[in-house]
Amino acid sequence: MANAMARAVWGGALTFGLVSLPIQLFAATDSHTIHFHQLERGTSDRVRNQRVNERTGKEVPLDTIVKGYDVGDEYVLVEPDELEDIAPGRSKVLEVVGFVALDDVEPIFYDKTYYLAPKGKDYAKTYALLTQAMERQEKAAIATFVMRNREYLVAVKAEAGMLTLHTLHWADEIRDPRKIETIPGDVKVAQREVRMAEQLIDALSIEWKPEEFHDTYQEEVTKLVEAKRTGKTMDKTAAPAESTNVVDLMKALRASVDRAKNPESHDGKRAVGGPASPPTDIEEAAKQRNVRAGGKGKRKAPRVSSQSAGLDSLTKAELYQKAAESDIPGRSSMTRDELVNALAGKHHRRKSSA
């Protein structure tokens, strides 16, 4: 089943100007949530939900159920085909209304991501033309379409040689943060506290490698189920950390910086030595597509020494600690990659002089 072909969740035509491109929409993400059945305690009997008439208590067949909108003193009944009638033809058209700069759409508007693919090889040229033009212009297409009786506002982007579609929230769906009373306004903070916080952020800075992070709660649920199946017990998780008091803020910041610089104290949720994950970066997926297609793809990265490979697995805090131990000058202002290169160069010079 792992090699099963992806199934399209929607098919239609992307239109911009007088150009029409037949496309298919594919889900870009999966959910690995563990689902439980409901059972009556003390039995193995499933508990099921039924559609029941609240007045008579009798079960109602699905084909006799209609939608009703409560207007106060009565319900307005709406049939499924009536909903289709108010959007004639639009359920099969992804209509581009304009192009905007990539940074114009704020992250809060993004909802769910899909992959867009041409409906067949005959449309590959039109698909590639739009993709390359959008990449060069650094623009996103704003469009609307109807799927499952709901209209969506979307942003179509060109990323790594392919088109992605991101559903967007409507403007009136974004809540006003000013209604949250506890968000502070103009608060004065001492500059030494800001510098200490910046130092902590710098010490904890890492490269974004999403495949190194796992859903630890889902893994713990799986362990719990297996433990109960085999008659074993599970240890409880540690209690959450207490909030930092304002009086202890500087003390907590200093301790945090010291802890971040000490590799032995690092206990983040990044996975180490786990099974290889599929490529989560679509740039990597693009490279694999080029290999399968016999293309040249991007230039291969230069081969690194075993010392550099070992350094690549360390966090920036761990690299900083090693740089301090090796007395590397300028280490406090170095990026993670610069720390790796400096440490690898130090190791090479030691071997040469030996």
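Rules used in this analysis
- Residues numbered from 1 in each chain as written.
- Predicted model: local features only at pLDDT ≥ 70, side-chain atom pairs only at ≥ 80, totals over all residues.
- Heavy atoms only, no water.
- Pairing = 2+ DSSP bridges.
- Helix = DSSP H or I, 4+ residues; strand = E, 2+ residues; numbered from the N terminus.
- Axes fitted to C-alpha atoms, helices over the stretch in contact; angles between N-to-C directions.
- Expected span 1.5 Å × (residues − 1).
- Buried < 20%, exposed > 50% of the residue type's maximum accessible area, 1.4 Å probe, protein only.
- Arc of directions from axis to C-beta.
- 1 Å grid on protein atoms, 1.4 Å probe; cavity = no way out; pocket = protein on both sides within 12 Å on 5 of 7 lines; lining within 4 Å.
- Points joined across faces, edges and corners; volume = space filled by probe spheres on them.
- pLDDT = per-residue confidence, 0-100.
- Contact = heavy atoms within 4.5 Å.
- Phe/Tyr/Trp six-rings, centres within 6.5 Å; stacked < 30°, edge-to-face > 60°.
- Salt bridge = Lys/Arg side-chain N within 4 Å of Asp/Glu carboxyl O.

Draft legend 1. View of the sheet that holds strand β2 (residues 19-27). Taking strand neighbours around the barrel as the criterion, the seven strands line up as β1-β2-β6-β9-β8-β7-β5 in a closed arrangement whose pairing is mixed. Across the sheet, the mean angle from the axis of one strand to that of its neighbour is 40°, orientation sign disregarded. Sheet topology note: the strand β5 (residues 93-101)/strand β7 (residues 139-147) ladder contains six bridges and is antiparallel. Looking at β7, one finds that A101 is bridged to K139.

Draft legend 2. Here's a closer look at helix α3 (residues 191-203). Here α3 contains 13 residues, and its C-alpha end-to-end distance of 18 Å stays within 8% of the 18 Å for a straight helix at 1.5 Å per residue. Buried within α3 we find E193, M196, L200 and A203. What you see down the axis of α3 is that its buried residues fit within an arc of 85°, all on one side. In α3, those exposed residues whose orientation departs by more than 90 degrees from the buried face are Q191, R195 and I201.

Draft legend 3. Structural context of unusual backbone geometry. Of note in the backbone geometry, E138 takes a positive phi value of approximately 55° without being a glycine. Relative to the helices and strands, E138 resides in the loop between α2 (124-137) and β7. At A160, a position not held by glycine, the phi torsion is positive, near 55°. Classification of A160 by relative accessible area gives buried; the value is 14%.

Draft legend 4. Geometry of empty space enclosed by the protein. Applying the stated criterion to the full structure yields three cavities of 30 Å³ or more. In this structure, the largest cavity encloses a volume near 40 Å³. What lines the largest cavity is simply D111, R150, E151, Y152, L153, L168, H169, W170 and E173. Ranked by residues supplied to the lining of the largest cavity, first place goes to strand β8 (residues 150-159) with four residues.

Draft legend 5. Helix α5 (residues 249-261), seen in detail. Its 13 residues place the ends of α5 19 Å apart at the C-alpha level, agreeing with the 18 Å of an ideal helix rising 1.5 Å per residue. Within α5, burial applies to M250, L253, V257, A260 and K261. The arc that holds every buried residue of α5, seen down its axis, measures 100°, which confines them to one face. Turned more than 90 degrees away from the buried face of α5 sit K251 and D258, all of them exposed.

Draft legend 6. Quick look at the confidence of the model for the protein chain. Scored by pLDDT, the protein chain has a mean of 81; 79% of the residues are at 70 or more. Of all the helices and strands in the protein chain, helix α7 (residues 306-312) carries the lowest mean pLDDT, 62, while strand β9 (residues 162-168) carries the highest, 97. Below a pLDDT of 50 lies the segment residues 271-276, which in the model reaches three contacts outside its immediate sequence neighbourhood of four places, other chains included. Here residues 296-306 scores under 50 on pLDDT; set against residues more than four positions off or in separate chains, the count is four contacts.

Draft legend 7. Representation of the packing of aromatic side chains in the model. Under the counting rule described, the total for this entry stands at three aromatic pairs. Judged by centre distance (4.9 Å) and plane angle (70°), the rings of W10 and F145 are edge-to-face. With W10 in strand β1 (residues 10-16) and F145 in strand β7, the pair connects residues that are 135 residues apart, well separated along the chain. Across the pair, F145 and W10 agree in class, each one buried. Cluster of aromatic residues (ring-pair linked, three or more members): W10, F145 and Y152.

Draft legend 8. Representation of the pattern of salt bridges. Per the counting criterion, the structure on display carries three salt bridges. Between K223 and E220 there is a salt bridge; the shortest N-O distance is 3.5 Å. Taken together, the residues span about one helical turn, with K223 and E220 both in helix α4 (residues 216-229) at a distance of three residues. With relative accessibility at 32%, the residue E220 sits in the partly exposed group. In this structure, R229 engages E226 in a salt bridge whose closest nitrogen and oxygen atoms are separated by 2.7 Å. Separated by three residues within a single helix, R229 and E226 lie in helix α4, roughly one turn from each other.

Draft legend 9. Spatial organisation of the pairing of β7. A large share of β7 lies buried, amounting to eight of its nine residues. Here seven bridges tie β7 to β8, and the two strands are oriented antiparallel to one another. Following the sheet pairing, V146 is matched in β8 by E151. With antiparallel pairing between neighbouring strands as the criterion, β7 and β8 make up a hairpin whose turn holds two residues, including R148 at a positive phi of roughly 50°.

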